[in-house]
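Geometric and topological summary
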Amino acid sequence: MKVVDLRGIPWENNPRLEKITRRGELLEEEYEGVVKEIINNVKTRGDEALVEYTNRFDKVGVTSAGELEIPYEQLEEAYKTLPSDVREALEFAAERIKKFHEKQLEESFITEEPEGIILGQKVLPLERVGVYVPGGKAQYPSTVLMNVIPAKVAGVGEIVMVSPNPSAVTLAAAYIAGVDRVFKIGGAQAVAALAYGTQTVPKVDKIVGPGNIYVALAKKLLYGVVDIDMVAGPSEILVIADRSANPSWVAADLLSQAEHDELAGPFCVTDSLDLALKVRDEVERQLSELDRREIAQKSVENWGTIFVVEDMDRACELANLIAPEHLEVFTRNPWELLPKIRNAGAIFLGEYTTEPLGDYVLGPNHTLPTGGTARFYSPLGVYDFVKRSSILYVSKGGFDKVKDAAKILATREGLTAHRRAIEIREEG
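These notes cover the structure that comes with them.

The topology assignment puts threonine 63 in the loop between helix 3 (47–58) and strand 2 (69–70). Residue classification places threonine 63 among the exposed positions, given a relative accessible area of 65%. Taking the C-alpha atoms as reference points, threonine 63 and leucine 337, 274 residues apart in sequence, are found 56 Å from one another.

Attention now goes to the packing of helix 8 (residues 187–196) against helix 9 (residues 213–222). Contact pair helix 8 / helix 9: the axes reach a minimum separation of 7 Å and the direction vectors enclose 25°. On the basis of the axis angle, helix 8 is roughly parallel to helix 9. Note on packing geometry: the crossing formed by helix 8 with helix 9 is right-handed. Listed contacts from helix 9 to Gly187, Ala188, Val191, Ala192, Ala195 and Tyr196 of helix 8 are Tyr214, Val215, Ala218, Lys219 and Leu222. Split by residue class, the contact of helix 8 with helix 9 holds nine nonpolar, one polar and one charged.

One open sheet accounts for three strands, arranged 3-4-15; its pairing is antiparallel. Edge positions in the sheet fall to strand 3 (109–113) and strand 15 (386–394), since each of these pairs with one other strand and no more. Taking the axes of each pair of neighbouring strands and ignoring which way they run, one obtains an average angle of 10° across the sheet. Both strand 3 and strand 4 (residues 117–125) contribute to a ladder of five bridges, which runs antiparallel. Across the sheet, residue threonine 111 finds its bridge partner in strand 4, namely leucine 119.

Topologically, glutamine 286 is positioned in helix 11 (residues 273–287). Given a relative accessible area of 11%, glutamine 286 falls into the buried group. Polar side-chain contacts of glutamine 286 include one of 3.5 Å to the backbone nitrogen of alanine 252. Setting aside its immediate chain neighbours within four residues, glutamine 286 contacts Ser248, Ala251, Ala252 and Leu255.

A few words now on the sheet that holds strand 7 (residues 181–183). The mixed open sheet is built from six strands, whose spatial order is 2-7-6-5-8-9. The open sheet has two free edges, formed respectively by strand 2 and strand 9 (227–228), since each of these has just one partner strand. Where strand 5 (residues 128–132) and strand 8 (residues 206–208) come together, three bridges link them in parallel fashion. Looking at strand 8, one finds that glycine 130 is bridged to isoleucine 207. Running over the sheet, helix 6 (residues 141–154) touches strand 5, strand 6 (158–162) and strand 8 and is turned about 165° from strand 6. Packing of helix 8 onto the sheet brings it into contact with strand 5, strand 6 and strand 8, and relative to strand 5 it is tilted by some 180°.

Note that side chains of opposite charge can pair when their charged atoms are close. All chains considered together, the criterion is met by 30 salt bridges. Of the charged contacts in the structure, one is a salt bridge between glutamate 52 and arginine 56, with a shortest N-O distance of 3.1 Å. Note that glutamate 52 and arginine 56 are positioned in helix 3 at a spacing of four residues, about one turn of the helix. Assessed through its relative accessible area of 43%, arginine 56 is described here as partly exposed. Between glutamate 282 and arginine 285 there is a salt bridge, with the nearest N and O atoms lying 2.9 Å from each other. Remark: arginine 285 and glutamate 282 occur in helix 11; sequence separation between them is three residues, near one turn of the helix.

Rolled over the atoms, a probe with the dimensions of a water molecule shows which regions are left empty. Tallying each qualifying case throughout the model produces one cavity of 30 Å³ or more. Approximately 40 Å³ is the volume attributed to the largest cavity. Taken together, Ile20, Thr21, Arg23, Glu236, Phe267, Ile322, Gly371 and Gly372 form the lining of the largest cavity. Of the residues in the lining of the largest cavity, the class split is three nonpolar, three polar and two charged.

Reading the values: rules and limits
Residues numbered from 1 in each chain as written. Predicted model: local features only at pLDDT ≥ 70, side-chain atom pairs only at ≥ 80, totals over all residues. Heavy atoms only, no water. Helix = DSSP H or I, 4+ residues; strand = E, 2+ residues; numbered from the N terminus. Buried < 20%, exposed > 50% of the residue type's maximum accessible area, 1.4 Å probe, protein only. Axes fitted to C-alpha atoms, helices over the stretch in contact; angles between N-to-C directions. Parallel < 35°, antiparallel > 145°, perpendicular 65-115°, else oblique. Left-handed = near helix turned anticlockwise from the far one by under 90°. Contact = heavy atoms within 4.5 Å. Nonpolar A, V, L, I, M, F, W, Y, C, P; charged D, E, K, R; others polar. Pairing = 2+ DSSP bridges. Polar contact = N/O pair within 3.5 Å; in protein donor to acceptor, adjacent residues only side chain to side chain. Salt bridge = Lys/Arg side-chain N within 4 Å of Asp/Glu carboxyl O. 1 Å grid on protein atoms, 1.4 Å probe; cavity = no way out; pocket = protein on both sides within 12 Å on 5 of 7 lines; lining within 4 Å. Points joined across faces, edges and corners; volume = space filled by probe spheres on them.

Dropping the structure here:
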């Protein structure tokens, strides 16, 4: 990992920091053309393009679109044949995720004013949602639980899952979470199929779930054709650590995200140069022990950075600037820094709160904003799977209460037909 000493140096002049804060933008420029071509082909050629891309990228040898859907019985069989310890772990996680997300449920409401104005909001679940589950470099049954369970809690009518080459444990997780249909497709082509619909894949109202840069860009380009949760790109972690932190633990957590993808971003911010050097050395030592060393090595080489700053206040400022997906705080009193943190997808406080616990079993959602979008995006939740309609009723008495102010505003805006729609009711 690269150690960058920012003490006494203006941040705006540091090329490494600029690269990190612009990382989502830089990746888009490189891949956007390819993604646009895939989207257009699926839009115009439907199943034909979907089969072609699936064979090219996923190497599954599909001969027709009918082979893309996995029979529901296969999900049930995967669940029944799952080793008991794995099944119990998935069900343990599912129950915790469900309980957490049930606290996010919204209720419809109606309010009434004495003059006869009735106002309210109707909260309804979306009718059909598509869930993208990565499956290229690894299998992610936890992502199934995290994306499907909030939709089920919200009351979504139909949940369609897409995943390239889903494993038995991924299918079992889909069974536990309550997925309705599963298609073994991935990449930008799967996102396009869900957005436009094909002869085989149904069109959905919203697409959620993380993926690689192709998936993230496809979701971004198709927003408006379909709703999306967020533009979730390669994973990233930022660890704020003071000299009390265990360098081995910090390094292990950085590598836990580096192993996801060659484009993943492992970052650390500390006020101790000594700790920075120890973490750097630990990362190199632990890399040699990883099963996914090649992927993690490229992530560390491309993006791995340890910033050294003057103090913990500056560390929080830098973290807010980077706005990471996962933010760990390993300091003597992590709760003291919490009020100073504004931009992070999820905040992990304390040395035992390692990010993988949040990935799997704690309960809050692990589908989080990346690439600096934590400045304005939130974690996936039940609120992503509902829509709201305003309810308005006005009696004659209520009309008399509000009409004059409405006429003034309509006149001020120069919208005479608006004003006339009010005046014609005054005339009877």
